[in-house]
Amino acid sequence: MSKKTIIYSQKYPKQDWEELDDELPNSTEEELRASARKLIEEFENNVVFKLNQEKLENKNRFIGLAKTISQEFKIDAEIYEEEYAICAELCLEYTSINNWLGQFLGRLMALSDSIDFCNKSNGLGLNFSYNIYDMYYNDRLIKF
């Protein structure tokens, strides 16, 4: 039996949802809609997407690696292009996860700008995004 040695542990107090709800200001539906409209207007007026030529030229590396992972490891995959990114959805069956696959996934993660995880009925869902546009807010590059 191995011995567990704790290197760091910290537990923070959690707030009760009912207490939190009492602290939030009560807003009318119209106030919430006005706030949402203001946020959307701010976004439309101050956010610009610019094509990143280098990322566009290298998108085939991302696509090729996602296809290779799917084909070599018989993993369900869907690769698609959205307005500002290329996405690769992979569904890993829990029994298919091993170190060799982990090396390929590590390479895909390194190329990705974001990764989302979700539970699927037969395994773990991974959604990798490769942004081909950069987002600027008031002429300042926003990193994801």
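Preceding block: the structure.
If you're wondering where the values come from, they're calculated on a predicted model, not measured in any experiment.

Participant: What's the story with the overall build of the protein chain in this structure? I'm lost.
Facilitator: For the protein chain, the count of helices and strands is five helices and seven strands. When the helices and strands of the protein chain are read in sequence order from the N terminus, they spell out α-α-β-α-α-β-β-α-β-β-β-β. Burial statistics for the protein chain: of 144 residues in total, 25% are counted as buried. Partitioning the intrachain contacts of the protein chain with sequence separation of at least 6 by distance along the chain shows that 61% fall at a separation of at least 24. Taken as a whole, the protein chain presents about 11,600 Å² of accessible surface, with 50% of it coming from carbon and sulfur.

Participant: Got a minute to help me understand unusual backbone geometry in this structure?
Facilitator: Trans peptide bonds make up most of the peptide bonds, and negative phi angles are found at most residues other than glycine. The phi angle at Lys74 is positive, at roughly 55°, despite the residue not being glycine. If you trace the backbone, Lys74 turns up in the loop between α4 (59–73) and β2 (76–81). With a phi angle near 50°, Asn138 is a residue other than glycine that sits in the positive phi range. Among the structural elements, Asn138 can be located in the loop between β6 (133–137) and β7 (140–142). Residue classification places Asn138 among the partly exposed positions, given a relative accessible area of 45%.

Participant: Explain the nonpolar core here, please?
Facilitator: Within soluble globular proteins, side chains that are nonpolar generally end up buried alongside one another. In terms of nonpolar packing, the biggest core is built from 19 residues, with Phe62, Ile69, Leu105 and Leu108 touching the most fellow members. Setting aside residues no more than four positions away along its own chain, Leu108 makes contact with Phe62, Leu65, Ala66, Ile69, Leu90 and Phe128.

Participant: Any chance you could explain the pairing of strand β3 (residues 85–93) here in plain terms?
Facilitator: Counted residue by residue, β3 has seven buried out of nine residues, so it is predominantly covered. Pairing of β2 with β3, which is carried by six bridges, proceeds in the antiparallel orientation. For Ala77, the partnering residue across the bridge sits in β3 and is Leu90. Of the strand pairs in this sheet, β3 and strand β5 (residues 123–131) are connected by nine bridges, and their pairing is antiparallel. What sits directly across from Ala88, in β5, is Phe128.

Rules behind the numbers
Residue positions are counted from 1 within each chain, in the order its sequence is given. Predicted model: local features are reported for residues with pLDDT of at least 70 only, side-chain atom pairs are reported and counted for 80 or more only, and whole-chain, interface and lining totals are derived from all residues. Side-chain measures here rest on the full set of heavy atoms in the structure, leaving out hydrogens and waters. A helix here means a DSSP run of H or I that spans at least four residues, while a strand means a run of E at least two residues long, and both kinds are numbered starting from the N terminus. Three labels apply to residues, based on accessible area from a 1.4 Å probe with only protein chains included: buried if under 20% of the type maximum, exposed if over 50%, partly exposed otherwise in between. Between two residues, a contact is recorded if the distance between any of their heavy atoms is within 4.5 Å. Under the convention used here, a 1.4 Å probe and the Shrake-Rupley method define accessible areas, while residue burial counts only the protein chains that appear. By nonpolar core is meant a set of buried Ala, Val, Leu, Ile, Met, Phe, Trp, Tyr and Cys residues that side-chain atoms within 4.5 Å join together. When DSSP locates at least two bridges between a pair of strands, those strands are taken to pair.

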